[in-house]
Amino acid sequence: ADTFITKIAISSTGDGAVVRQNATGLGLNSMDGFALNSDGSKIILADFHGAKIRSGTFAEDGGDATLLNITLNGSELAAGGGVRFARWNNDGSKYYFGYGLGDGNSRIKQYETATNYIVASGDTAGTSQDLYIEAASDLIFNSDGSKMYISRSTGFIYEYSLSTPYDISTETLVTTFNLTS
């Protein structure tokens, strides 16, 4: 039988204690985007109003498979203004996030982790790409990292080819899908 998650609780205490999402407890102001690793045990969170990225781990709550707790780990990374999404690469050694610049462009950033699947303030900044995509709202990769897809909040998806897998500095625009018509 399929199991459906009915509630996710988030903890910043490290011991699994549930903390409500607010600035004094969890430390996130708003969560615009998140992504999971391939087995669903690690999460990366994009805090739009707090302009930061956080990471955490999932665990079942007392054997109840429909209730999951998230325990935050590492430290927050200051991400710039209004971060909309965050995404891991295939092995958690890199992560990506993006936000609009207000001039019809969006900035996509790539970072390398010191520890896989853990965001920390001292992570190594990699490529920063400014793309002509107004209000980029999400980013995903295909399974081998050779393609990257970025959505725009107004109904467009941009497909990029990456000559080096999971390296956004090697992007070439392939096509734009218009989902508005």
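Residues numbered from 1 in each chain as written. Predicted model: local features only at pLDDT ≥ 70, side-chain atom pairs only at ≥ 80, totals over all residues. Heavy atoms only, no water.

Enquirer: With reference to specific residues and values, describe the sheet that holds strand 13 (residues 171-178).
Expert: Two modes of strand pairing occur in sheets, parallel and antiparallel, and in both the strands are linked by backbone hydrogen bonds. Spatially, 10-11-12-13 is the arrangement adopted by the four strands of the open sheet, whose pairing is antiparallel. Strands at the two margins of the open sheet, each flanked by one partner only, are strand 10 (136-141) and strand 13. The mean angle between the axes of side-by-side strands here comes to 20 degrees, regardless of whether they run parallel or antiparallel. Sheet topology places strand 12 (residues 156-162) next to strand 13; seven bridges connect them, and they run antiparallel. Paired with F156 across the strands is N178, a residue of strand 13. (Pairing = 2+ DSSP bridges. Helix = DSSP H or I, 4+ residues; strand = E, 2+ residues; numbered from the N terminus. Axes fitted to C-alpha atoms, helices over the stretch in contact; angles between N-to-C directions.)

Enquirer: I'd love a proper account of the packing of aromatic side chains, names of residues and values included.
Expert: When we look at a pair of aromatic rings, we describe it by the centre distance and by the angle of the planes. Within the structure shown, the criterion is met by six aromatic pairs. Ring geometry for W88 and Y117: centres 5.1 Å apart, planes at 75 degrees, overall edge-to-face. Note that W88 is positioned in strand 6 (residues 85-88) and Y117 in the loop between strand 8 (106-112) and strand 9 (124-131), a separation of 29 residues in sequence. Chaining the aromatic ring pairs together yields one cluster made of W88, Y95, F97, Y111 and Y117. (Phe/Tyr/Trp six-rings, centres within 6.5 Å; stacked < 30°, edge-to-face > 60°.)

Enquirer: If you had to explain the side chain of K109 to someone new, which residues and values would you point to?
Expert: On the secondary structure map, K109 appears in strand 8. Of the buried charged residues, K109 lacks a salt bridge, with D130 as the closest side chain of opposite charge at 8.2 Å. Among residues more than four places away in sequence, those in contact with K109 are Y95, Y96, F97, Y99, T127, S128 and I168. (Buried < 20%, exposed > 50% of the residue type's maximum accessible area, 1.4 Å probe, protein only. Lys, Arg positive; Asp, Glu negative; His and termini not counted. Salt bridge = Lys/Arg side-chain N within 4 Å of Asp/Glu carboxyl O. Contact = heavy atoms within 4.5 Å.)

Enquirer: Would you mind going over unusual backbone geometry in detail, with residue names and values included?
Expert: The phi torsion at A135 lies on the positive side, around 55 degrees, for a residue other than glycine. Within the secondary structure, A135 is located in the loop between strand 9 and strand 10. According to the relative accessible area criterion, A135 is partly exposed, its value standing at 32%.

Shape is all these values report; function is a separate question.
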